[in-house]
Amino acid sequence: DSGVTQTPKHLITATGQRVTLRCSPRSGDLSVYWYQQSLDQGLQFLIQYYNGEERAKGNILERFSAQQFPDLHSELNLSSLELGDSALYFCASSVEIKNTEAFFGQGTRLTVV
Amino acid sequence: GQQLNQSPQSMFIQEGEDVSMNCTSSSIFNTWLWYKQDPGEGPVLLIALYKAGELTSNGRLTAQFGITRKDSFLNISASIPSDVGIYFCAGTGANSKLTFGKGITLSVRP
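Draft legend 1. Broad picture of the environment of Thr105(B). Residue and element names in this part refer to chain B. One can find Thr-105 in strand β11 (residues 104–109). Judged by its relative accessible area of 34%, Thr-105 falls in the partly exposed class. When the C-alpha atoms of Thr-105 and Trp-34 are compared, they prove to be 13 Å apart, with 71 residues separating the residues in sequence. Once residues within four sequence positions are removed from consideration, Thr-105 is found in contact with Gln-9, Ser-10, Met-11, Gly-85 and Ile-86.

Draft legend 2. Here's a closer look at the interface of chain A and chain B. On the chain B side, the residues contacting the 23 residues of chain A number 21 residues. Between chain A and chain B, roughly 1700 Å² of surface is buried when both sides are summed, and carbon and sulfur atoms account for 54% of that area. Our enumeration of links across chain A and chain B arrives at zero salt bridges. Taken together, chain A and chain B are joined by five residue pairs in polar contact (both at pLDDT 80 or more). Taken together, the elements giving at least two residues each to the side of chain A that touches chain B come down to β4 (31–38), β5 (42–50), β6 (53–57) and β10 (103–104) of chain A. Of all the elements, β5(A) adds the most residues to the side of chain A that touches chain B, at four residues. Of the residues assigned to the side of chain A that touches chain B, the class counts are 10 nonpolar, eight polar and five charged.

Draft legend 3. Structural view of the nonpolar core. One finds Trp34(A) and Tyr35(B) to be the most contacted residues of the largest nonpolar core, which totals 39 residues. In terms of residue count, the dominant contributor to this core is strand β9 (residues 87–94) of chain A (six residues). The next biggest cluster of nonpolar side chains, apart from the first, holds 22 residues, and it includes Cys23(B), Ile47(B), Leu49(B) and Ile104(B).

Draft legend 4. Layout of the state of the cysteines. Residues and elements named next belong to chain B. Scanning all chains against the criterion turns up two disulfides over all chains. Here Cys-23 connects covalently by a disulfide to Cys-89, the sulfurs 1.9 Å from one another. Since a negative S-S torsion denotes a left-handed disulfide, the Cys-23-Cys-89 link at about 55° is right-handed. Of the two residues, Cys-23 sits in strand β3 (residues 19–25) while Cys-89 sits in strand β9 (residues 85–92), which places them 66 residues apart along the sequence. Grouping residues by exposure puts Cys-23 and Cys-89 together as buried.

Procedures and definitions
The numbers attached to residues start from 1 for each chain and follow its sequence in the written order. Written order decides the labels, with chains lettered from A and ligands numbered from 1. For a predicted model such as this one, the threshold for reporting local features is a pLDDT of at least 70, and the threshold for listing and counting side-chain atom pairs is 80 or more; totals across whole chains, interfaces and linings nevertheless cover every residue. As a rule here, side-chain values cover all heavy atoms of the structure and leave hydrogens and water aside. The helix and strand labels rest on DSSP assignments: H or I over at least four residues marks a helix, E over at least two residues marks a strand, and numbering proceeds from the N terminus. Per-residue accessibility, obtained with a 1.4 Å probe over protein chains only, is compared with the maximum for each type, and a residue is labelled buried under 20%, exposed over 50%, and partly exposed between these values. Between two residues, a contact is recorded if the distance between any of their heavy atoms is within 4.5 Å. Here's the idea: put two parts together, see how much 1.4 Å probe accessible area each one loses, and the total over both is what we call buried area. One side-chain nitrogen of Lys or Arg within 4 Å of one carboxyl oxygen of Asp or Glu is enough to make a salt bridge. We define a polar contact as two N or O atoms separated by no more than 3.5 Å, with the added condition that, inside protein, one atom must be a possible hydrogen donor and the other a possible acceptor, whereas residues neighbouring each other in sequence contribute only through side-chain atom pairs. Note on residue categories: nonpolar means Ala, Val, Leu, Ile, Met, Phe, Trp, Tyr, Cys or Pro, charged means Asp, Glu, Lys or Arg, and polar means any other residue, Gly included. To form a nonpolar core, buried Ala, Val, Leu, Ile, Met, Phe, Trp, Tyr and Cys residues must be joined to one another through side-chain atoms within 4.5 Å. Cysteine sulfur atoms that come within 2.5 Å of each other are treated as a disulfide pair.

Next up, the structure:
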């Protein structure tokens with residue numbers, strides 16, 4: 001158990017809908033990362049937050065947004081969902097901003113039908 | 001931007017054999033991490049490297065941070081069936097993004 005908790009574990013929704021994925025980082029970790037993993041793309045970095053503020057942005061679509069709350073948990077919002085958004089979404093956390101180990105949750109498997 | 005290259009995409013070895021995986025980058029990285037992912041699970045951190053030249057072991061796994069800071073390798077010795085999975089290298093460079101390679105799928109024949 002990495003100490004990073006993601007909910008829900010599975011999510012099935014229809015195209016055009018909006019979903020929210022939740023992540024609780026390890027105790028004491030201030031940095032949260034979101035990744036998308038699809039079969040053909042590997043682990044794609046979406047966005048990083050540190051202590052409530054956005055620190056780095058990757059290949060995140062405009063339909064997606066994220067935030068980190070004062071209690072350090074984070075949410076990833078996916079809207080106007082398309083079939084191609086079906087993927088595993090992982091959250092990872094680390095103590096600092098960079099140059100440190102990141103620990104992953106078990107992921108949320110999103111299926112858009 | 002930062003990119004990490006891992007090849008080949010798949011490796012097939014016999015149980016008991018050693019295997020070595022390489023990860024390269026066109027830019028300098030300050031941290032190198034190696035992860036293993038089992039089907040349906042999140043990546044699990046195997047080894048973290050923080051200094052150029054650093055050689056670190058974790059059981060049958062050994063990894064090194066290349067002197068140029070543009071590469072790293074992971075060795076698995078005396079492979080066993082449970083070593084099967086996808087091995088990712090990852091690193092952080094000048095920015096704070098944790099970048100991943102595309103991974104190598106390792107198969108171990110009993």
